[in-house]
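Here is what each chain is made of, one letter per residue.
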6 protein chains.
Amino acid sequence: MEYRIIKSPSKGTLDILFRRKGSSSTTSIENYDAIGLVQGRLIDMVFAADIAEKAAGVVVEDIKGHCPQNLIMIAIFGDTASVEAAVNEIKDKVNAARKGEAL
Amino acid sequence: MEYRIIKSPSKGTLDILFRRKGSSSTTSIENYDAIGLVQGRLIDMVFAADIAEKAAGVVVEDIKGHCPQNLIMIAIFGDTASVEAAVNEIKDKVNAARKGEAL
Amino acid sequence: MEYRIIKSPSKGTLDILFRRKGSSSTTSIENYDAIGLVQGRLIDMVFAADIAEKAAGVVVEDIKGHCPQNLIMIAIFGDTASVEAAVNEIKDKVNAARKGEAL
Amino acid sequence: MEYRIIKSPSKGTLDILFRRKGSSSTTSIENYDAIGLVQGRLIDMVFAADIAEKAAGVVVEDIKGHCPQNLIMIAIFGDTASVEAAVNEIKDKVNAARKGEAL
Amino acid sequence: MEYRIIKSPSKGTLDILFRRKGSSSTTSIENYDAIGLVQGRLIDMVFAADIAEKAAGVVVEDIKGHCPQNLIMIAIFGDTASVEAAVNEIKDKVNAARKGEAL
Amino acid sequence: MEYRIIKSPSKGTLDILFRRKGSSSTTSIENYDAIGLVQGRLIDMVFAADIAEKAAGVVVEDIKGHCPQNLIMIAIFGDTASVEAAVNEIKDKVNAARKGEAL
């Protein structure tokens, strides 16, 4: 899995993500300080989305790649501290799941 | 094959799965305690779906998503014990099939 | 190539296969004792479909994966003995073709 | 590249190929003794299609199917001797092109 | 990641890029001296798009294209010096992010 | 990258290319002596298309693979000498770019 945090994202970057989000939600995603990006396999992304959803102060979107219905990345929107906390929690729990602790 | 169990899934996670399910069933999938995720090759997933379908107390959906590697994923909804039992049965039988015991 | 035989397939499993079949045939596929699954490359699947079509007592469908028009698996419906016979014949002839005996 | 020749193809096999052919030609492909299948990379398949088109007594179609590896497949319809001759000519010329003799 | 800079791009090249751009912007992209192309994984491309967006004197578009490997590509339009500066900044920051300095 | 030159292309081969071209141009591509095919990654194909566009006496089309919006090959139409010159120039410049001389 790969992780990136973008602080003060540009409008064009938000546009790219908005065009590729899976949900039909029309909530603006432009008022956030930071974006956390997590890319990986479908099964890990669903697992990571659930962890991020349960974290405080962030909004989660799944981002499509190019093939129809590809889910390869989630984006986590929020203030910088909340996004960093959510990304770190994903890292820990996905690693734990891989080591079999979650199953 | 990869396995994950998500307990008390968040609404956003259920939305991601609901948007990607193959069936046109409109049955709500929001009233379950746990989700089991199983990702693998198409042939193993059909085999796994059949095992899960025959298990007690769970609902099975195939989830669209990973074009590049020809993988698909199934999600198994139910109470935690039933989901864990179904996932464990899949593990055992898929391993057995690979060793040629089922064929 | 990969092979699986599912005996007494569940309704959900048949639904997954029915949603992914390539033909527009509306023939019910629910009255069969067993399903044989064969997954592989396009060229081998066309070759295997022809072998199965010529076998007695089975119906053959090509099953789509996720990318548009992907053919990666065929399903063979029939009673258990006929399905097993068809799958075994495919195994033998595909192996023979690979060794150059058919060409 | 992979090669297969199917003699006296079954109707179901012809249906699979017909549903996946690229051309909008409605010419029946059911009156041929044999089918040659050639699978490979897009660039080799265009090259092979040209060789087969110039061969005597065969009809060539490109067959849709294997997105993940960027492979496509052509099918060559005709009497058995013509199909075998076309497939053998493709083998020779593609190998020659790979060795740089054609460029 | 791969980088290319095309100076004085031909009209046909701009057409290929224009047909494949993700945004619905109808802004002409024909009045620029140079194009920078950056190809990589989805997560790196979102990150790179943000860096380029924040650079001076360039316009950024994501370009659709390479389904099999989950790669996407961005194109950066502007005068030669601005495009070269944006591409160099992407190189530096992506390498830094990979070494963990950004996270 | 892979290169092929087809001299005196057959009508069926031109049809395959015409069905897969990215541009909406309806210009006939049937009056040319030769076709040069170049297959590779998206970023190299855009770069190669620009080189070919600037060469004399040839017409360039991008050719789609099977996944939607896949760009994996360009076709260069013209008389044999012009096509060979364009393909050779692409070879030289792509190799130079890979060695970092162009960037």
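Placed above this text is the structure.
A quick note: this is a predicted structure, and the numbers were derived from the prediction, not measured.

Colleague: Talk me through the relation of the copies chain A and chain B; I want residue IDs and the actual numbers.
Modeller: Superposing chain A onto chain B takes a rotation of 60 degrees combined with a translation of 0.0 Å along the rotation axis, leaving an RMSD of 0.1 Å. In symmetry terms, the pair is related by a six-fold rotation axis. By residue overlap, the copies meet through two different surfaces: only 9% of the interface positions of chain A are interface positions in chain B.

Colleague: Account for the pairing of strand S2 (residues 34-39) of chain F, naming residues and giving values.
Modeller: Residue and element names in this part refer to chain F. Counting buried residues in S2 gives six out of six residues, a clear majority hidden from the surface. Side chains of S2 alternate between two faces, with Ala34, Gly36 and Val38 and Ile35, Leu37 and Gln39 buried alike. The pairing of strand S1 (residues 2-7) with S2 spans six bridges and is classified as antiparallel. Bridge pairing in S2 links Glu2 to Gln39.

Colleague: If you had to explain the pattern of salt bridges to someone new, which residues and values would you point to?
Modeller: Counted by the stated rule, this structure contains 37 salt bridges over all chains. Notably, a salt bridge pairs B:Asp50 with B:Lys54, separated by 2.7 Å at the nearest N-O pair. Within this pair, B:Asp50 and its partner B:Lys54 are both found in helix H2 (residues 42-54), separated by four residues, close to a single helical turn. Overall, the relative accessible area of 5% leaves B:Asp50 in the buried class. Of the charged contacts in the structure, one is a salt bridge between F:Glu89 and F:Lys93, with a shortest N-O distance of 3.0 Å. With F:Glu89 and F:Lys93 both in helix H3 (residues 80-98) and four residues apart, this pair spans about one turn of that helix. Among the charged side chains, a network of salt bridges with common partners joins A:Glu2, A:Arg4 and E:Asp44.

Colleague: Explain the interface of chain A and chain B to me, using residue names and the numbers behind them.
Modeller: Facing the 23 residues of chain A at the interface are 25 residues of chain B. The junction of chain A with chain B conceals about 2200 Å² of combined surface from both sides, 61% of it contributed by carbon and sulfur atoms. For the interface between chain A and chain B, the tally reads two salt bridges. For the salt bridge of A:Asp62 with B:Arg19, the shortest nitrogen-to-oxygen distance reads 2.5 Å. At the level of secondary structure, the elements contributing two or more residues to the side of chain A that touches chain B comprise helix H2 (42-54), strand S3 (58-64), strand S4 (71-78) and helix H3 (80-98) of chain A. Here the side of chain A that touches chain B takes nine residues from H2(A), the largest share from any one element. Partitioning the side of chain A that touches chain B into residue classes produces ten nonpolar, five polar and eight charged.

About the thresholds
Every chain is numbered independently, its residues counted from 1 as its sequence is written. Ligands are numbered from 1 and chains lettered from A, in the order in which they are written. Only residues with pLDDT of at least 70 get local features here, since the model is predicted, and only at 80 or more are side-chain atom pairs given and counted; chain-wide, interface and lining totals rely on the full set of residues. Hydrogens and waters are ignored; side-chain quantities use all the structure's heavy atoms. Only residues with pLDDT of at least 70 in both copies contribute their C-alpha atoms to the least-squares superposition of the copies. Any pair of residues with heavy atoms lying within 4.5 Å of one another is described as a contacting pair. Exposure is judged per residue with a 1.4 Å probe applied to protein chains only, and the accessible area is read against the type maximum: over 50% gives exposed, under 20% gives buried, and values in between give partly exposed. Numbering of helices and strands runs from the N terminus, with a helix taken as a DSSP run of H or I at least four residues long and a strand as a DSSP run of E at least two residues long. Strands pair, by our definition, only if DSSP identifies at least two bridges between them. What counts as a salt bridge is simple: a side-chain nitrogen of Lys or Arg found within 4 Å of a carboxyl oxygen of Asp or Glu. Here the quantity called buried area is the accessible surface, traced with a 1.4 Å probe, that two parts lose on coming together, added over both. When residue character is reported, Ala, Val, Leu, Ile, Met, Phe, Trp, Tyr, Cys and Pro are called nonpolar, Asp, Glu, Lys and Arg charged, and the others, Gly included, polar.

Read these as spatial facts, not as claims about activity.
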